[in-house]
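In case you want the letters, here they are:
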Amino acid sequence: MTERPQLSVVLSTLGNYSVLRRVLDGYEQQDAPLGSFELLVVSDRAEPDRDALLDAVGQRPYELRVLTGEVPGLSANRNAGSRAARAPIVLFTDNDTIPTSRLVTEHLAWHRRFPTEEAAVTGPVRWAPGVRITPFMKWLEHGIQFDFDSIHGIEASWAHLYGANSSLKRSFVARVGPYDEERLPYGYEDLDWGYRARAHGLRVFFNRSAIVDHWREMTVEHWQARAPRLAVSEWRFCQLHPELEPWFQPKFAASMTVPSGGRRSAALARWVPRGAPYIGKHVWSRADLHWRQQIAPHFLAAWDAAASGSPPPLQPAVSALAERATSGGS
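A. Structural context of the pattern of salt bridges. This model, assessed by the stated rule, comprises 18 salt bridges. The closest approach of N and O atoms between D55 and R21, which form a salt bridge, is 3.1 Å. Taken as a pair, D55 in helix 2 (residues 50-57) and R21 in helix 1 (residues 17-28) lie far apart in primary sequence, 34 residues in all. A salt bridge links E28 to R60; the shortest N-O distance between them is 2.9 Å. Of the two residues, E28 is situated in helix 1 and R60 in the loop between helix 2 and strand 3 (63-68); the sequence distance between them amounts to 32 residues.

See the structure below:
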């Protein structure tokens with residue numbers, strides 16, 4: 001360790017070794033000087049194969065440290081990374097988000113543009129070139145997995161402070177306090193932190209040029225498997241903040257009050273763009289119903305179990321092997 005870096009990248013990881021290697025390769029291609037940033041690879045406490053992780057990390061030309069969260073989950077990983085960070089700015093990201101070449105430069109530039117402690121920067125998370133993008137994955141882009149479409153201009157909200165690509169002043173992170181490791185270990189942890197940060201004056205700015213490429217092929221089956229975790233996290237989030245309405249629960253509940261349908265539209269969506277005149281809106285609204293009905297039973301059962309006091313356990317991921325299988329990891 002020599003000169004103090006300007007940016008600390010806190011990268012949470014669990015399994016997914018071949019994609020992690022791609023992500024770390026991406027930081028070798030940054031147009032920012034190598035000494036301007038450091039990489040903190042924070043291994044989840046549930047990591048099943050430490051040797052595979054270290055092999056994926058390998059030797060890098062930039063400053064890199066491997067840490068481990070104190071307990072399983074993204075919250076613990078981000079807390080461990082922010083505590084260990086040497087730079088005044090912390091960029092949170094994941095093991096499946098490959099940085100474009102200007103990622104570090106863009107985050108640093110916007111923190112110079114907005115130097116107040118309360119200013120945060122978030123950037124787009126788009127599907128990576130080379131990933132086969134299905135209609136279901138296009139559906140996820142519209143308020144399911146991310147909600148960038150709702151951002152107009154450069155001012156975003158606390159709800160857009162996604163842990164996949166957001167940077168903050170480290171002093172502000174310390175002022176707001178840690179991510180909730182106990183109640184929200186994985187899921188809604190970034191929403192909870194962002195909502196709490198509002199009381200400290202958080203402002204979120206959306207830099208459309210600070211891009212990461214998401215290397216993960218999402219399937220309906222993957223979302224069915226993650227739905228229980230999502231449901232328990234949302235239920236707990238709403239218990240912590242009863243003034244807020246749930247986002248997913250009413251949408252999934254409403255989908256189960258109408259007859260099943262939309263399977264044919266979900267298949268047609270491969271050839272019919274959402275914006276196609278006349279037919280596009282019909283096909284995609286029916287496809288939306290179909291995909292919600294495929295996921296809803298898995299979500300609603302876990303929501304009801306959480307409400308009755310017997311939620312399924314919150315795991316840091318569906319499982320290390322499932323994450324690796326669905327993401328193209330080795």
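B. Quick peek at the pairing of strand 9 (residues 165-169). In terms of burial, strand 9 is a largely internal element, five of the five residues being buried. By the bridge criterion, five bridges tie strand 4 (residues 89-94) to strand 9 in an arrangement that is antiparallel. In the sheet register, I89 faces strand 9, and the bridge partner there is K169. Where strand 6 (residues 119-122) lies against strand 9, two bridges are found, and the strand directions are antiparallel. Residue pairing for strand 9: V121 is matched across the bridge by S167.

C. Structural view of the layout of surface pockets. Reported here for the largest pocket is a volume of approximately 1100 Å³. In terms of lining, the largest pocket is formed by 45 residues, of which the most central are Q145, F146, Y162, Y188 and D190. Secondary structure elements with two or more residues in the lining of the largest pocket: strand 1 (7-13), helix 3 (74-84), helix 7 (189-198) and helix 8 (220-240). In terms of residues, the lining of the largest pocket owes the most to one element, helix 8, which gives six residues. Of the residues in the lining of the largest pocket, the class split is 20 nonpolar, twelve polar and 13 charged. The computed volume of the second largest pocket comes to approximately 300 Å³. Lining the second largest pocket are 17 residues, with T134, F136, V220, R270 and W291 sitting closest to its centre. Where the lining of the second largest pocket is concerned, the elements lending two or more residues are helix 5 (135-140), helix 8, helix 10 (263-268) and helix 11 (279-307). In the lining of the second largest pocket, the residues fall into eight nonpolar, four polar and five charged.

About the cut-offs
- Residues numbered from 1 in each chain as written.
- Predicted model: local features only at pLDDT ≥ 70, side-chain atom pairs only at ≥ 80, totals over all residues.
- Heavy atoms only, no water.
- Salt bridge = Lys/Arg side-chain N within 4 Å of Asp/Glu carboxyl O.
- Helix = DSSP H or I, 4+ residues; strand = E, 2+ residues; numbered from the N terminus.
- Buried < 20%, exposed > 50% of the residue type's maximum accessible area, 1.4 Å probe, protein only.
- Pairing = 2+ DSSP bridges.
- 1 Å grid on protein atoms, 1.4 Å probe; cavity = no way out; pocket = protein on both sides within 12 Å on 5 of 7 lines; lining within 4 Å.
- Points joined across faces, edges and corners; volume = space filled by probe spheres on them.
- Nonpolar A, V, L, I, M, F, W, Y, C, P; charged D, E, K, R; others polar.

Spatial relationships are all this shows, so hold off on functional conclusions.
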